[in-house]
Amino acid sequence: MKRPICPKKEDSERPFLYLNLAMTADGKIATANRAVSSFSSRRDREHLLELRTTADAVMSGARTVDLNLVTLGPGPARFRRQRLRRGLAEYNLRIIVSGAGSIDPRAEVFKKRFSPIIILTTRRASAGRRERLRRLADEVKICGAREIDFRRALRWLRQKWGVKRLLCEGGGEVNDALFRAGVVDELHLTVCPRIFGGRTAPTIADGVGWRRLAQAAKLRLKSARREGDEMFFVYQADK
Ligand SMILES: NC(=O)c1ccc[n+]([C@@H]2O[C@H](COP(=O)([O-])OP(=O)(O)OC[C@H]3O[C@@H](n4cnc5c(N)ncnc54)[C@H](OP(=O)(O)O)[C@@H]3O)[C@@H](O)[C@H]2O)c1
């Protein structure tokens, strides 16, 4: 059964931001040693590519990008055709978050030059690292002193690069910063029938988090669908 993916009404200042993650039944998005982070079904991997067909840009954190063979691209031709039918560019923009500029220059993403790569960084990145990033990416944007100021970064992405719909694919550290900045509009979460355990295994939102219930991000369940032993949830931010 195919689920329609409808672009949502967009705020004119910043892109509509949606997250997509696969999680084990014990709430982990990778094993504690980070060796395993791809554990969902073929259907879920297809779902990831379908979601990308609705995004102007796909974003991930430095560790998600350099620990995995990811390109953040649209995938096979049939997905690119869907993008064109939706009036989007054939290839989505790619955005990497790397506050200290620690992203590995040998990462797979830099080997595939099908669309611009934008790196969001901070003044924590040394001059040398910034220079190295400039040689790798199409644009390196400093968006904050120590942490990315995501409100500012998203407005800039909209104004400079025309990003109206931004899909973030983790990891937990970036997601937490996005939730804390109050810029997450939707969460697509696939719960997979596995238990990874491990107290240091990443979850969908790590980083700093909140201390009080009143501060926690609130969500509304928009849809829930079972396919085999997996559950596909879509939550909307309850702002
Ligand atoms: N199952 C899934 O759906 C899924 C999805 C995504 C990722 N994963 C897995 O999750 C793990 C990665 O997650 P992670 O949380 O460790 O890493 P991550 O969020 O992918 O990347 C962390 C890095 O991003 C930068 N960063 C994050 N937030 C920042 C902020 N607010 N300001 C400035 N820079 C920021 C920092 O780079 P610098 O060090 O350069 O400052 C930080 O070290 C990997 O094992 C990955 O495979 C699983």
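1. Here we look at the overall build of the protein chain
Scanning the protein chain for helices and strands turns up six helices and nine strands. In terms of overall dimensions, the protein chain is globule-like: its C-alpha atoms have a radius of gyration of 17 Å, near the 18 Å expected for 239 residues. Taken along the three principal axes of its C-alpha coordinates, the protein chain extends 50 × 45 × 35 Å. Residues counted as buried form 49% of the 239 residues belonging to the protein chain. Per element, the accessible surface of the protein chain, about 12000 Å² overall, is 49% carbon and sulfur. With 50 positive and 27 negative side-chain charges, the protein chain shows a spacing of 2 Å between the two charge centroids.

2. Description of the site of the ligand
In the vicinity of the ligand lie 30 residues, with T64, N68, S98, A100 and S102 positioned nearest. Between S98 and the ligand, the recorded distance is 2.7 Å, taken from a side-chain N or O atom to an oxygen atom. Measuring from a nitrogen atom of the ligand, one finds a backbone N or O atom of I148 at 3.0 Å. Considering the ligand on its own, with 920 Å² of exposed area, one finds that the protein chains cover 92% of that surface. Breaking the shell around the ligand down by element, the ones donating at least two residues are β1 (16-24), α2 (62-66) and α6 (172-180). Here the shell around the ligand is built from residues that sort into 13 nonpolar, eleven polar and six charged.

3. Brief notes about the confidence of the model for the protein chain
Summarising the model, the protein chain shows a mean pLDDT of 94, and 95% of its residues fall at 70 or more. Segment residues 1-10: pLDDT under 50, and 26 contacts once partners within four positions in sequence are set aside and those in other chains are kept.

4. Some words on the pairing of β1
Judged by how many residues are buried, β1 sits mostly within the fold: nine of nine residues are covered. Neither face of β1 is open: one carries F16, Y18, N20, A22 and T24, the other L17, L19, L21 and M23, and all of them are buried. Pairing of β1 with strand β6 (residues 165-168) involves four bridges; the strand directions are parallel. Each residue of the ladder has a partner; that of F16, found in β6, is R165.

5. Re the packing of aromatic side chains
Evaluated as defined, the whole model comprises four aromatic pairs. Here the aromatic rings of F16 and Y18 are separated by 5.7 Å at their centres, their planes lie at 40 degrees, and the arrangement is tilted. A residue is classified by how much of its surface remains accessible, and Y18, at 0% relative accessible area, is buried. The ring of F232 has R225 sitting right over it, with the charged end atom 4.6 Å from the ring centre.

6. A word on the sheet that holds strand β3 (residues 93-97)
Ordered in space as β5-β4-β3-β2-β6-β1-β7-β9-β8, the nine strands form an open sheet in which the pairing is mixed. Where the open sheet ends on each side, the last strands, each with one partner, are β5 (139-142) and β8 (219-227). Here the strands of the sheet are splayed against their neighbours by 20 degrees on average, with no regard to which way each runs. Where β1 and strand β7 (residues 186-192) come together, seven bridges link them in parallel fashion. Residue L19 lies in a different strand from β7, and its bridge partner there is L187. Taken strand by strand, helix α5 (residues 150-161) contacts β1, β2 (57-61), β3, β4 (117-121), β5 and β6, and its axis lies near 155 degrees from that of β4.

The rules we used
Residues numbered from 1 in each chain as written. Predicted model: local features only at pLDDT ≥ 70, side-chain atom pairs only at ≥ 80, totals over all residues. Heavy atoms only, no water. Helix = DSSP H or I, 4+ residues; strand = E, 2+ residues; numbered from the N terminus. Rg over C-alpha atoms; globule rule 2.2 N^0.38 Å. Buried < 20%, exposed > 50% of the residue type's maximum accessible area, 1.4 Å probe, protein only. Areas by Shrake-Rupley, 256 points an atom, 1.4 Å probe, with all protein chains shown as cover. Lys, Arg positive; Asp, Glu negative; His and termini not counted. Charge placed at Lys NZ, Arg CZ, Asp CG, Glu CD. Near = heavy atom within 4 Å. Polar contact = N/O pair within 3.5 Å; in protein donor to acceptor, adjacent residues only side chain to side chain. Nonpolar A, V, L, I, M, F, W, Y, C, P; charged D, E, K, R; others polar. pLDDT = per-residue confidence, 0-100. Contact = heavy atoms within 4.5 Å. Pairing = 2+ DSSP bridges. Phe/Tyr/Trp six-rings, centres within 6.5 Å; stacked < 30°, edge-to-face > 60°. Lys NZ or Arg CZ within 6 Å of the ring centre and 35° of its normal. Axes fitted to C-alpha atoms, helices over the stretch in contact; angles between N-to-C directions.

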